[in-house]
Amino acid sequence: MGTGIIGMIVIGFLAGLIARAIKPGNDKLGFWMTTGLGIAGSFVAGFLGSSLGLYRQGEPVGFIASVIGAIIILVVFSMIGKKK
């Protein structure tokens, strides 16, 4: 069980880091926020993928889908931040 959690943290961090590198702009996030971004990106990708019929409920999403989900989150947060 410990390996699963550590693996999720590592993959989440990498997905969040790549998403931050792809999306233009200065997103000042630390290690844990970047990791959370990647993990949340996986959930967003899973939700959207299952809604579109690409994934079954509870099926794990791929790394690229996690990065795309993290980019979606970054774009939404930057749009919300511009309104304030």
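Throughout this description, residue numbers start from 1 for each chain and increase along the sequence as written. It should be noted that, the model being predicted, local features are given only for residues of pLDDT at least 70 and side-chain atom pairs only at 80 or more, the latter also being counted only at that level, while totals for whole chains, interfaces and linings use all residues. To get the side-chain values, take all heavy atoms of the structure and skip hydrogens and water.

A look at the overall build of the protein chain
- A run of H or I in DSSP counts as a helix once it spans at least four residues, and a run of E counts as a strand once it spans at least two, with each numbered from the N terminus. The helix and strand tally for the protein chain stands at three helices and zero strands.
- Along the protein chain, helices and strands appear, N-terminal first, in the series α-α-α.
- What the globule rule says is 2.2 Å times the number of residues to the power 0.38, and the radius of gyration is computed from C-alpha atoms. Taking 12 Å as the expected radius of gyration for a compact globule of 84 residues, we find that the protein chain reaches 13 Å, a close match to that expectation.
- Looking at the protein chain as a whole, 26% of its 84 residues are labelled buried.
- A contact between two residues is defined here by any heavy atoms of the two lying within 4.5 Å. Nonlocal contacts in the protein chain, meaning residues at least 24 apart in sequence, comprise 60% of its contacts between residues at least 6 apart.
- The method behind every accessible area is Shrake-Rupley, applied with a 1.4 Å probe, and residues are considered shielded solely by the protein chains displayed. About 5800 Å² of surface is accessible on the protein chain, with carbon and sulfur atoms providing 74% of the total. Working definition: with a 1.4 Å probe on protein chains only, accessible area under 20% of the residue-type maximum means buried, over 50% means exposed, and in between means partly exposed.

So, helix 2 (residues 31–51)
- Expected span, for any helix, means 1.5 Å times one less than how many residues it has. Taking 1.5 Å as the rise per residue, helix 2 with 21 residues should run 30 Å; its terminal C-alpha atoms sit 30 Å apart, in good agreement.
- Taken from the residues just after helix 2, Gly53 is the one with a positive phi, measuring 85 degrees.

Regarding the UniProt feature "transmembrane region" (unreviewed entry) in the protein chain
- When the UniProt feature table is mapped onto this chain numbering, "transmembrane region" (unreviewed entry) sits at residues 6–22, 29–49 and 61–80.
- The distance from the first to the last C-alpha atom of residues 61–80 is 26 Å, and the span holds 90% helix and 0% strand. UniProt positions are given in the numbering used here, feature names are shortened, and annotations may be inferred rather than shown by experiment.

Here we look at the packing of aromatic side chains
- The criterion for an aromatic pair is that two Phe, Tyr or Trp rings (for Trp, the six-membered ring) have centres within 6.5 Å, with stacked assigned to planes under 30 degrees apart, edge-to-face to planes over 60 apart and tilted to the rest. All told, the structure shown has two aromatic pairs when counted by the stated rule.
- Plain terms: the ring middles of Phe13 and Phe31 are 4.9 Å apart, the flat faces sit at 40 degrees to each other, and that makes the pair tilted. Of this pair, Phe13 sits in helix 1 (residues 2–22) while Phe31 sits in helix 2; the two residues are 18 residues apart in sequence, bridging distant segments of the chain.
- Judged by relative accessible area, which is 22%, Phe13 ranks as partly exposed.
- Given the relative accessible area of 40%, Phe31 is considered partly exposed.
- Among the aromatic residues, ring-to-ring pairing joins Phe13, Phe31 and Trp32 into one connected group.

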